[in-house]
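# Secondary and tertiary structure notes
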Amino acid sequence: MSQSKAFKDWFDRAAARSLAAQVQAVQPTFDTKRFVADAARQLDALEMMDRVRQFAQALRLHLPEEIPEALATLTQSLPPPLPNCDAVTDGWLQ
């Protein structure tokens, strides 16, 4: 029997690297190394909401300061929607 990944573990170092690469594809000046370091800092000690908060804070530090520009960058970095998908997935990661 395969064991599924704990929901909080979707926000791990690999997710931070993947998200950084997606954002950098849209914004070439995005500092992926610093983002990953900030987003993945001491993740083992954090529960789900603290991991989400840490990812969000890291994005805020490394995205453009102007909110419309930051939102445009995030929106453009998303992969296409999964067709006919009603389940919870990690589809926001490419």
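One can find the structure itself at the top, above this paragraph.
Along each chain, the written sequence defines residue order, and numbers are assigned to residues from 1. In keeping with the model being predicted, local features are shown solely for residues with a pLDDT of at least 70 and side-chain atom pairs are shown and tallied solely at 80 or more, while totals for entire chains, interfaces and linings include all residues. For the side-chain quantities, the full set of heavy atoms in the structure was used; hydrogens and water were omitted.

## Observations regarding the overall build of the chain
The numbering of helices and of strands both runs from the N terminus, where a helix is a DSSP run of H or I of at least 4 residues and a strand a run of E of at least 2. Summing up its helical and strand segments, the chain has 4 helices and 0 strands in all. Listed N to C, the secondary structure of the chain is α-α-α-α in terms of helices and strands. Whether a residue is buried, partly exposed or exposed follows from its accessible area with a 1.4 Å probe, protein chains only, as a fraction of its type maximum: under 20%, in between, or over 50%, in that order. Relative to its 94 residues, the chain shows a buried fraction of 34%. We call two residues contacting when some pair of their heavy atoms lies within 4.5 Å. Considering only contacts within the chain whose residues lie at least 6 apart along the sequence, 56% involve residues at least 24 apart. Every accessible area reported is derived by Shrake-Rupley at a probe size of 1.4 Å, with residue values counting cover from the shown protein chains alone. For the chain, the computed accessible surface area is about 6,600 Å², with 55% contributed by carbon and sulfur atoms.

## Considerations on unusual backbone geometry
Non-glycine residue Gln-42 carries a positive phi angle of around 50 degrees. Topologically, Gln-42 is positioned in the loop between α2 (32-39) and α3 (48-62). The class of Gln-42 is exposed, set by a relative accessible area of 64%.

## Side note on the side chain of Gln-54
Mapped onto the elements of the fold, Gln-54 is located in helix α3. Residue Gln-54 is classed as buried on the basis of its relative accessible area of 11%.

## Describing helix α4 (residues 67-77)
Along α4, the residues classified as buried are Ala-70, Thr-73 and Ser-77. Mapping the buried residues of α4 onto a view down its axis gives an arc of 60 degrees, with all of them on the same face. With respect to the buried face of α4, the exposed residues turned more than 90 degrees away are Ile-67, Pro-68, Thr-75 and Gln-76. Buried residues in α4 make contact with α1 (13-26). Directions pointing from the helix axis toward each C-beta atom define the arc.

## Comments concerning the environment of Asp-38
Positionally, Asp-38 belongs in helix α2. Accessibility expressed as a relative area gives 18% for Asp-38, which makes it buried. A distance of 2.6 Å separates a polar atom in the side chain of Asp-38 from a polar atom in the side chain of His-62. The definition of a polar contact used here is a pair of N or O atoms within 3.5 Å, where within protein one atom must be able to donate a hydrogen and the other to accept one, and adjacent residues in sequence count solely through side-chain atom pairs.

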